[in-house]
Amino acid sequence: LLHLFNTMKLVKLGKTDISISPIGLGCWQFAGGEGITGSFWSKVDKKQAEEIVNISLKEGINWFDTAEVYGWGHSERILSSVLKELKVIPGKVVIATKWFPLFRNARSIIRTFQNRTQALQEYPVDLYQIHFPGSFSSIPEQMNKMADLLEEQKIRAIGVSNFNARQMRKAHETLVKRGLFLVSNQVCYNLLNRDIERNGILQTAIELGITIIAYSPLAQGILTGKFHESGDNKTARLGLRKFTRQFKAKSLEKSRPLINILREIAAKKGGTISQVALTWIINSHKGKIVAIPGASKAAHAHSNAQALKIKLSPEELMYIDEMSAGVALS
Ligand SMILES: NC(=O)c1ccc[n+]([C@@H]2O[C@H](COP(=O)([O-])OP(=O)(O)OC[C@H]3O[C@@H](n4cnc5c(N)ncnc54)[C@H](OP(=O)(O)O)[C@@H]3O)[C@@H](O)[C@H]2O)c1
């Protein structure tokens, strides 16, 4: 299948030799439409998921981010089933998934790992991440269990998600004692949420050689501009998103000036608002930040992968930077 891949310049995941495209595919949207995590998005069925994954592969995306909690294995099962259907050889793509830490201690990392491999069928877990810092166990206890999995060659790299700078450093230091290292921290980062630039996460990641994986890079769809267009936020199937602050009319109004600027730049470049927003993320700290936009339609995945074709000058990047700083919600 590799001949189908478009050439996309790959970057290294942390200090590993794992090469990933600067844009990966977020697979929360494959959670199955049920439960809390599922009802966040409109339901994506297997056929749609297959189209999304297929177009992503064709456009040169070589990695996929999923999690145990996305439909309790549903997203992982859908992803592995469609990869199988598309005859993708296990090991030819990079799979990142996450352990759900809430109400659990670190022993569950080992205990539940078998469920991950079952859900992912024969596709190996390349990057295993702690979904957020909510476990009953300490960070060193969690990292030591992760290190056991890595030493047994059950996973290739260890990551965290939603860890602050101190927690990330602690995780890294624990792994260093075992001769290993932390590879990534998956956090929210987009033109409307630039917290990591101020709270030490980005700086610490750069210092320690940890890749930042930017989740919600399109602010859950807001940075496509579609919710600013009249009435779209009412007609679109918003799911649980409608209860979040950023989808309130007031917040949308606040970000409108930025959307207008992105629209202008996009028109000049022959691209779209979302492509400019994604290009800004992966170029703002080249090679240090990668993005995993989610898609509920094949056209989304196609457009998002094509963002890599948009070239922004340093002046344009700086202009977007300044305009976004003025309207960022946090
Ligand atoms: N670690 C964590 O705690 C965490 C948290 C959140 C997300 N994530 C990961 O990050 C991934 C991405 O984040 P996200 O899904 O929250 O937000 P996102 O990628 O910013 O937004 C995804 C949504 O934006 C819309 N969209 C995407 N591309 C589009 C396009 N080209 N044109 C029009 N609309 C488009 C779609 O909305 P509609 O479906 O409404 O059309 C899509 O479902 C997730 O899939 C997941 O893997 C991780």
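The shown structure was predicted, so the numbers you read here are calculated from the model rather than taken from an experiment.

1. Section: the site of the ligand
Neighbouring residues of the ligand: 30 residues in total, closest Gln29, Leu218, Lys226, Arg241 and Ser296. One nitrogen or oxygen atom from the main chain of Trp28 is found 3.1 Å from an oxygen atom belonging to the ligand. In this structure, His300 approaches the ligand through a side-chain N or O atom, which is 3.4 Å from a nitrogen atom. Notes on the ligand: free accessible area 900 Å², of which the protein chains cover 93%. Tallying contributions element by element places helix α12 (residues 298–305) first for the shell around the ligand, with three residues. By residue class, the composition of the shell around the ligand is ten nonpolar, 16 polar and four charged.

2. Some remarks on the pairing of strand β6 (residues 125–130)
Counting buried positions along β6 yields six of six residues, so the element is predominantly enclosed. In this sheet, β6 lies alongside strand β5 (residues 94–99) in parallel orientation, the contact comprising four bridges. By the bridge assignment for β6, Lys98 is matched with Gln129. Bridge count between β6 and strand β7 (residues 155–161): five bridges; the pairing is parallel.

3. Observations regarding the pairing of strand β9 (residues 211–215)
Where a strand is regular, its side chains alternate between the two sheet faces. Along β9, four of the five residues are buried, which leaves the element largely enclosed by surrounding structure. Relative to β9, strand β8 (residues 184–188) runs parallel, the two being bridged by five bridges. Within β9, the position partnered with Cys188 by the bridge is Tyr215. What joins β8 to β9 is helix α8 (residues 201–208), and the crossover it makes is right-handed. In this structure, β9 lies alongside strand β10 (residues 289–291), joined through three bridges in parallel fashion. Paired with Ile213 across the strands is Val290, a residue of β10.

4. Side note on the nonpolar core
One recurring pattern in soluble globular proteins is that nonpolar side chains are buried together. Ranked by internal contacts, the top residues of the largest apolar core, which has 88 residues, are Val53, Leu83 and Leu223. Leu13, Ile20, Val94 and Ala96 belong to the second-largest nonpolar core, a separate cluster that totals 13 residues.

5. A closer look at the pattern of salt bridges
Counted according to the given criterion, the structure contains 18 salt bridges. A salt bridge links Asp126 to Arg156, with the shortest nitrogen-to-oxygen separation between them at 3.0 Å. Residue Asp126 is found in strand β6, and its partner Arg156 is found in strand β7; the two are separated by 30 residues along the sequence. Exposure remark for Asp126: the relative accessible area of 2% places this residue in the buried category. When the shortest N-O distance is used, the salt bridge between Arg169 and Glu207 registers 2.9 Å. Pair noted here: Arg169 is in helix α7 (residues 165–177) and Glu207 is in helix α8, with a separation of 38 residues, a long-range link. The exposure class of Arg169 is partly exposed, given its relative accessible area of 29%. Taking relative accessible area as the criterion, Glu207 reaches 53% and is therefore assigned exposed. A network of salt bridges, in which partner residues are shared, links Glu68, Glu76, Arg104 and Arg116.

6. Things to note about the sheet that holds β5
Taking strand neighbours across the sheet as the criterion, the eight strands line up as β3-β4-β5-β6-β7-β8-β9-β10 in an open arrangement whose pairing is parallel. The sheet is open, and its two edges are formed by β3 (25–26) and β10, each paired on a single side. Here β7 pairs with β8 via three bridges, running parallel. Paired with Gly159 across the strands is Ser184, a residue of β8. The strands touched by helix α6 (residues 139–151) are β5, β6 and β7; relative to β7, the strand with the most contacts, the crossing angle is about 160°.

7. Some remarks on the packing of α6 against α7
Their axes nearest at 9 Å, the elements α6 and α7 cross at an angle of 45°. The pairing of α6 with α7 is recorded here as oblique in orientation. Judged by the sense of rotation from one axis to the other, the crossing of α6 with α7 is right-handed. Within the contact between the two elements, α6 uses Ile139, Pro140, Met143, Asn144 and Ala147 and α7 uses Gln167, Lys170, Ala171, Thr174 and Leu175. Partitioned by chemical class, the residues of the contact of α6 with α7 number six nonpolar, three polar and one charged.

Definitions and cut-offs
- Residues numbered from 1 in each chain as written.
- Predicted model: local features only at pLDDT ≥ 70, side-chain atom pairs only at ≥ 80, totals over all residues.
- Heavy atoms only, no water.
- Near = heavy atom within 4 Å.
- Polar contact = N/O pair within 3.5 Å; in protein donor to acceptor, adjacent residues only side chain to side chain.
- Areas by Shrake-Rupley, 256 points an atom, 1.4 Å probe, with all protein chains shown as cover.
- Helix = DSSP H or I, 4+ residues; strand = E, 2+ residues; numbered from the N terminus.
- Nonpolar A, V, L, I, M, F, W, Y, C, P; charged D, E, K, R; others polar.
- Buried < 20%, exposed > 50% of the residue type's maximum accessible area, 1.4 Å probe, protein only.
- Pairing = 2+ DSSP bridges.
- Right-handed = clockwise from strand over helix to strand, strands pointing away.
- Core = buried A, V, L, I, M, F, W, Y, C linked by side-chain atoms within 4.5 Å.
- Salt bridge = Lys/Arg side-chain N within 4 Å of Asp/Glu carboxyl O.
- Contact = heavy atoms within 4.5 Å.
- Axes fitted to C-alpha atoms, helices over the stretch in contact; angles between N-to-C directions.
- Parallel < 35°, antiparallel > 145°, perpendicular 65-115°, else oblique.
- Left-handed = near helix turned anticlockwise from the far one by under 90°.

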